[in-house]
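# Inside the fold
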Amino acid sequence: MATQHAAVRVAVQVWPQHSTMAEQRATWLRCEELGVDDVFTWDHFFPLSGEPDGPHFEGWTLLAAMAEATERVRVGTLVTSVGYRNPDLLADMAATVDHVSGGRAILGIGAGWNRRDYQEYGYEYGDVSTRAQWFAQAVPRIVDRLERLSPPPLSSPLPILIGGGGERTTLRLAARHAHIWNAFFDDAAAFAAKNAVLDGWCRQVGRDPGEIVRSIAILDPAQLDQLDELRAAGLTHFIYGTQPADFDEVLVRRLVAWRDRVSG
């Protein structure tokens, strides 16, 4: 299990929906001003809540803008579906954003799940099993391409965040390739069960489990009451998701203050 006393980082995922570009940018910059460590977007093509055909921005173009607009925070996608882009191209995009940001990029990747994104944009959707197979094929290609790019990423290595809780494919790939593993958990017990599987895969591939940061995506503000319990279980990276219209500065200040308190 990852050490309980590893450095805690807090982040905000700014959903690229139901907003203007000016509101997106203002929210990224406010997150940075408030002291969060990382700012994420997501990689979908339509809103995931509210009016399904409402305003929405493309994730990687937005991420490049985020990298240029900010100065300190790490920036990334939570997460990119490998089914949307050629894996080698995706590695090149991530390395370019890393240069734009001055070495602050995180490459967040996952197997994908949202049927509408695939079908309306003409990508093959398959099923859970086939998307897992595509993911297993894509991740090694991404890692290989990152090692062969010229110029290489400024980050050495470029942090790879793998999102998801699939025990046979996603967690196995995380054990071998991830620097950060992220998923949704209802509570510390749910995290502990998946974490034990990841630890098992780490043993099989010969990797120290402590090399992988454990990360949680938080959609329900009530989970902020569980922060100490979640940290005690081994989570050290906490990402709160919101859209600009609902951005709660008080909540973000609370998250940052908690980080500072437990970090000593």
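Data block above holds the structure.
Residues numbered from 1 in each chain as written. Predicted model: local features only at pLDDT ≥ 70, side-chain atom pairs only at ≥ 80, totals over all residues. Heavy atoms only, no water.

### Quick notes on the packing of helix α3 (residues 87-101) against helix α5 (residues 128-148)
Where α3 meets α5, the axes come as close as 8 Å, and the angle between the chain directions of the two elements is 45°. One way to sum up the angle between α3 and α5 is to call them oblique. In this structure, the crossing between α3 and α5 has a hand that is right-handed. Of the residues in α5, those in contact with P87, D88, L90, A91 and A95 of α3 are A138, R141, I142, R145, L146 and R148. In terms of residue class, the contact of α3 with α5 is made up of seven nonpolar, no polar and four charged. (Axes fitted to C-alpha atoms, helices over the stretch in contact; angles between N-to-C directions. Helix = DSSP H or I, 4+ residues; strand = E, 2+ residues; numbered from the N terminus. Parallel < 35°, antiparallel > 145°, perpendicular 65-115°, else oblique. Left-handed = near helix turned anticlockwise from the far one by under 90°. Contact = heavy atoms within 4.5 Å. Nonpolar A, V, L, I, M, F, W, Y, C, P; charged D, E, K, R; others polar.)

### What to know about the side chain of D88
As for its placement among the helices and strands, D88 is situated in helix α3. By relative accessible area, D88 is classed as buried at 15%. In contact with D88, not counting residues within four places along its chain, are R141, R145 and R148. (Buried < 20%, exposed > 50% of the residue type's maximum accessible area, 1.4 Å probe, protein only.)

### Here's the deal with the pattern of salt bridges
Tallied over the entire structure, the rule returns 19 salt bridges. In this structure, the salt-bridge partner of D37 is R259, at a minimum N-O distance of 3.1 Å. Separated by 222 residues along the polypeptide, D37 in the loop between α1 (21-34) and β2 (38-41) and R259 in helix α9 (residues 249-262) bring together distant segments of the chain. For the residue pair D37 and R259, the accessibility class agrees, reading buried in each case. Across the pair D88 and R145 runs a salt bridge whose closest N-O atoms are separated by 2.9 Å. Of this pair, D88 sits in helix α3 while R145 sits in helix α5; the two residues are 57 residues apart in sequence, bridging distant segments of the chain. With relative accessibility at 24%, the residue R145 sits in the partly exposed group. In this structure, a network of salt bridges that share partners links the residues R30, E33, E249 and R253. (Salt bridge = Lys/Arg side-chain N within 4 Å of Asp/Glu carboxyl O.)

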